[in-house]
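Now for the letters of each chain:
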Amino acid sequence: TRFASTTNFTVEGIENGIILASSQQQRGQGVLWPARVSHVVEGNLTSTGNARRTSSKNQIQVVFLAPFWNGDVTGHVDAKDAYSTGHLFEFETIEVSEYNIQTYPFNELSLEKVQQSFLFLGLPKAVFSRYLDSHRIAVALK
């Protein structure tokens, strides 16, 4: 929303650094995916490795864990699972809102619970291995 930065918005467990966040990338938009919140002292890294300060106070820097949307699904890469061809981590600045950030639901990993949560996302079955990997990383970092 327009005045999201002025509201008192908190996410339970954000102090652990792991949340569910929605990417602004077209293929990942609207999908809540495990992410690590960058600490304020880490700053925003540019492509040259220099840190710069974000002027907008309603945005945070996150690192998406094993995202599926950065893989090559065009068929140009010979891979059994094209969704797993991308980088394991993707840096992104997202807007702080209840639609983009939510509490991370797992303290320990249960395959059944991860499978159930995956079913509600409506993603292709080939994405599941990447989804499971992202949660394994998230629980390990938490």
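Structural data are supplied above this passage.
The following refers to the structure shown. Please read all numbers here as calculations on a predicted model, not as lab measurements.

**Overview of the pattern of salt bridges**
Next up, step 1: For the coordinates displayed, the defined rule picks out one salt bridge.
Next up, step 2: A salt bridge links arginine 136 to aspartate 133; the nearest nitrogen and oxygen atoms lie 3.5 Å apart. Separated by three residues within a single helix, arginine 136 and aspartate 133 lie in helix α2 (residues 128–141), roughly one turn from each other.
Next up, step 3: On the basis of relative accessibility, which here comes to 47%, the residue arginine 136 falls in the partly exposed class.

**Some details on the packing of aromatic side chains**
Next up, step 1: The final tally for this structure, using the stated rule, is eight aromatic pairs.
Next up, step 2: Judged by centre distance (5.4 Å) and plane angle (80°), the ring pair of phenylalanine 68 and tryptophan 69 falls under edge-to-face. With respect to class, phenylalanine 68 is no different from tryptophan 69; both count as buried.
Next up, step 3: Here the aromatic rings of phenylalanine 118 and phenylalanine 128 are separated by 5.2 Å at their centres, their planes lie at 70°, and the arrangement is edge-to-face. With phenylalanine 118 in helix α1 (residues 111–119) and phenylalanine 128 in helix α2, the pair connects residues that are 10 residues apart, well separated along the chain.

**Examining the sheet that holds strand β6 (residues 89–95)**
As a general point, the strands of a sheet are linked pairwise by backbone hydrogen bonds and lie either parallel or antiparallel.
Next up, step 1: Strand order in the open sheet formed by five strands is β6-β5-β2-β1-β7, and the pairing between neighbours is antiparallel. The open sheet has two edge strands with one neighbour each: β6 and β7 (101–103). On average, each strand axis in the sheet is tilted by 45° relative to the strand beside it, whichever way the strands run.
Next up, step 2: Together, β1 (18–22), β2 (32–37), β5 (59–65) and β6 form the strand contacts of α2, whose direction differs from that of β2 by roughly 30°.

**Some words on the environment of asparagine 70**
Next up, step 1: One can find asparagine 70 in the loop between β5 and β6.
Next up, step 2: Through-space distance from the C-alpha of asparagine 70 to that of arginine 27 is 8.3 Å; in sequence the pair is 43 residues apart.
Next up, step 3: When near neighbours in sequence (up to four residues on either side) are disregarded, asparagine 70 contacts Gly86, His87, Glu90 and Arg130.
Next up, step 4: A distance of 3.2 Å separates a polar atom in the side chain of asparagine 70 from the backbone oxygen of histidine 87.

**What about the pairing of β1?**
Next up, step 1: Within β1, five of the five residues are buried, which leaves the element mostly enclosed by the surrounding structure.
Next up, step 2: The alternating pattern of β1 places Ile18, Leu20 and Ser22 and Ile19 and Ala21 on opposite faces, both of which are buried.
Next up, step 3: Here β1 runs beside β2; their pairing, made up of five bridges, is antiparallel. Each bridged residue has a counterpart across the sheet, and for isoleucine 19 the counterpart in β2 is alanine 35.
Next up, step 4: Where β1 meets β7, three bridges bridge the pair, whose relative direction is antiparallel.

**Remarks on the pairing of β2**
Next up, step 1: Along β2, five of the six residues are buried, which leaves the element largely enclosed by surrounding structure.
Next up, step 2: Bridging between β2 and β5 involves three bridges; their strand directions are antiparallel. Its bridge partner being in β5, arginine 36 is matched across the sheet by valine 63.

Cut-offs used in this document
Residues numbered from 1 in each chain as written. Predicted model: local features only at pLDDT ≥ 70, side-chain atom pairs only at ≥ 80, totals over all residues. Heavy atoms only, no water. Salt bridge = Lys/Arg side-chain N within 4 Å of Asp/Glu carboxyl O. Helix = DSSP H or I, 4+ residues; strand = E, 2+ residues; numbered from the N terminus. Buried < 20%, exposed > 50% of the residue type's maximum accessible area, 1.4 Å probe, protein only. Phe/Tyr/Trp six-rings, centres within 6.5 Å; stacked < 30°, edge-to-face > 60°. Pairing = 2+ DSSP bridges. Axes fitted to C-alpha atoms, helices over the stretch in contact; angles between N-to-C directions. Contact = heavy atoms within 4.5 Å. Polar contact = N/O pair within 3.5 Å; in protein donor to acceptor, adjacent residues only side chain to side chain.

By themselves, these are just geometric observations and shouldn't be taken as functional.
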